[in-house]
Amino acid sequence: KDFSLTSEKDGQSGDSDENLERGNWSNKADYLLSLVGYAVGLGNVWRFPYLTYQNGGGAFLIPYTVMLALAGLPLFFMECSLGQFASLGPVSIWRILPLFQGVGITMVIISAFVTIYYNVIIAYALYYFFASFQKVLPWSDCFSWADEFCSKTQIVNDCNTTYNGAIIRANYSFVEGNNLTCINGTLTYKPVQFPTEQYWNKVTLQRSSGLDETGRIVWYLALCLLLSWIIVGAALFKGIKSSGKVVYFTALFPYVILLILLVRGATLEGALDGIEFYIGKQSNITKLMEAEVWKDAATQIFYSLSVAWGGLVALSSYNKFHNNCYSDAIIVCVTNCATSVFAGFAIFSILGHMAFVSKRPVSEVVDSGFELAFVAYPEALSKLPVSPLWSFLFFFMLVLLGLDSQFASIETLITAIQDIRPKMMKELRMPLTLGICAVLFLLGLICVTQAGIYWVNLIDHFCAGWGILVSAVLEVVGIIYIYGGNRFIEDVEMMIGKKSYLFWLWWRICWFFITPALLMAILIWSLITFSNPTYGSVLYPTWGNAVGWCMIIFCVIWIPIVAIVKIVKAEGNLVQRLVSCCQPAATWGPYLERHRGERYSHVVDPKKKKEHEIPTVSALTY
């Protein structure tokens, strides 16, 4: 009784929880919304629609759905099952296969790097959110901050014209001054920049010439970054009990805003042009013959679902043992993909209107990533009646989409620490959470200098790339081929009940063959096509690329280091050591004794045995 009262006080667990030491979600909705918030992020809004129009319009949904079934869903289900079965985070979960514990460390470190720059993107969105509280949007025209290249329309430089019976090339000012007419198809335009582009570079970022020119800290971005970390810390200070309630708003309200933007966009002139550009008046089925289209579909599914980042394992570790993680995985994956498609309609309907107003083809106003979120779409919103309202809603949606993904990423780091030092976390949960947020805020200050966008791009390019693919491949290979796929299925059945052979047939085909093959193909493609980062036309200095390589090496080097340490600490000759390190630790199994049954009756209570101990071969006869 005393223990449960203490747990409730620290906020992570309460009297109604099954696992009083670690705590459980207050209810299933908390968990599902946290998963949806983690999986549905900025990429659903600013990357998927762009890929769809680029790869054959509506036809792209075919490879996208196929890759969801073959790679995304199997990995998602596997990670959710793993975390729920052992009630452990992404590092400690590797009691299942001690040799691969470095994979879990890699996941956590990559997640830490990503949280640094992801919150900077949220800070950008917060800045635009606050800037929207003005009668006239500050990026709607070329104001005092603009230079001579800023213009809302294209400016003709010169053209061919007929003068005194001869065709000549003349400046447009000469043509106008003499009441001449340009010959069709001969106009050239001055290199102008739209107000939104100059506002993004000159005002928001105060962007320097490159990574070499760090410049000063942009104070208002630093304050927005501080605010975003304060929000994250406040949402997580009581663990899943507090974050589970916050996501009711942060995960659901973006759908309300998307619906509002879609309804408003659909009523605008030119909206149909944007929708047709997105899905395609006539989808290009022939695109399905191109390998690049299938690669894009697989990559988007993989990163959109947030598999192999450690977050799915961490969030699922707080489930009750007999929760139906199978249905959860399907619900979240389908919701994630449906959100991507839905967001595309909301985005392209308004971009179509922008193209109509500015008399440009839709292809010239469409972009992805930062350019879509902070240049193209703000320009489109500035052309709407009551533009500050729509700008406010859009950037508020971006903030919410980013925050609930950030909640899960930080919870991943905290869960990893909690599993290693549970007593310390019970007593120091709040100060440790705030301390982690404070340290990550300080590390992120380099990303809000005048060279900050180059650092954001650098970390994203190196850390959010093939390092995660390495973790995913080793995760599948380790669990299915070393631990044993059939053994893992028996573990899952302990939670969700006995299932038929036909039920598992699809999952066996994916886990044993298709999913690892697809992941290897994407990994090899990523390594072959890997190139040094650029930001627009700006090249990175040699030392910048070296820093990027150092970051990703620091992330993945723990895989061989931990494997070597485990082998050295094991007993016997080399073969015996390898065998013992490829067997589950003596502490592997369901967290609570009442869930272990006969299969795990031999399990040593983890509180009585240090996690890093590796049992000998004789002690692991299964």
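Residues numbered from 1 in each chain as written. Predicted model: local features only at pLDDT ≥ 70, side-chain atom pairs only at ≥ 80, totals over all residues. Heavy atoms only, no water.

Chemist: Quick one: what's the story with helix H11 (residues 253-266), residue by residue and with numbers?
Modeler: Taking 1.5 Å of rise per residue, the 14 residues of H11 would be expected to cover 20 Å, and the 20 Å separating its terminal C-alpha atoms lies within 8% of that figure. Three or more residues of H11 are buried, namely Pro 254, Ile 257, Leu 258, Leu 261, Leu 262 and Gly 265. Buried residues of H11, viewed axially, fall in a sector of 135°; they line one side. (Helix = DSSP H or I, 4+ residues; strand = E, 2+ residues; numbered from the N terminus. Expected span 1.5 Å × (residues − 1). Buried < 20%, exposed > 50% of the residue type's maximum accessible area, 1.4 Å probe, protein only. Arc of directions from axis to C-beta.)

Chemist: Lay out the state of the cysteines in plain terms, naming residues and giving numbers.
Modeler: By the definition in use, this model includes two disulfides. Here Cys 142 connects covalently by a disulfide to Cys 150, the sulfurs 2.0 Å from one another. Across the S-S bond of Cys 142 and Cys 150 the torsion is about -85°, and the bridge reads as left-handed. The class of Cys 142 is partly exposed, set by a relative accessible area of 26%. For Cys 150, a relative accessible area of 11% gives the class buried. Put simply, Cys 159 and Cys 182 are joined by a disulfide, and their sulfur atoms are 1.9 Å apart. As the torsion about the S-S bond is roughly -65°, the Cys 159-Cys 182 disulfide counts as left-handed. Residue Cys 159 is located in strand E1 (residues 156-163), and its partner Cys 182 is located in the loop between helix H7 (172-177) and strand E3 (188-189); the two are separated by 23 residues in the primary sequence. When its relative accessible area of 0% is taken as the criterion, Cys 159 is described as buried. (Disulfide = S-S within 2.5 Å.)

Chemist: Break down a nonpolar patch on the surface for me, citing the residues and quoting the values.
Modeler: Taken together, the side chains of Phe 130, Phe 133, Trp 219, Leu 223, Leu 226, Leu 227 and Ile 230 make up a nonpolar region of the molecular surface, amounting to roughly 720 Å² of accessible area. Take the nonpolar patch: its biggest share by element is five residues, from helix H9 (residues 219-236). Owing to a relative accessible area of 48%, Leu 223 belongs among the partly exposed residues under this scheme. (Patch = residues over 30% accessible without salt bridge, like charges linked within 9 Å, V, L, I, M, F, W, Y side chains within 5 Å. Areas by Shrake-Rupley, 256 points an atom, 1.4 Å probe, with all protein chains shown as cover. Salt bridge = Lys/Arg side-chain N within 4 Å of Asp/Glu carboxyl O.)

Worth remembering: the numbers are spatial, not functional.
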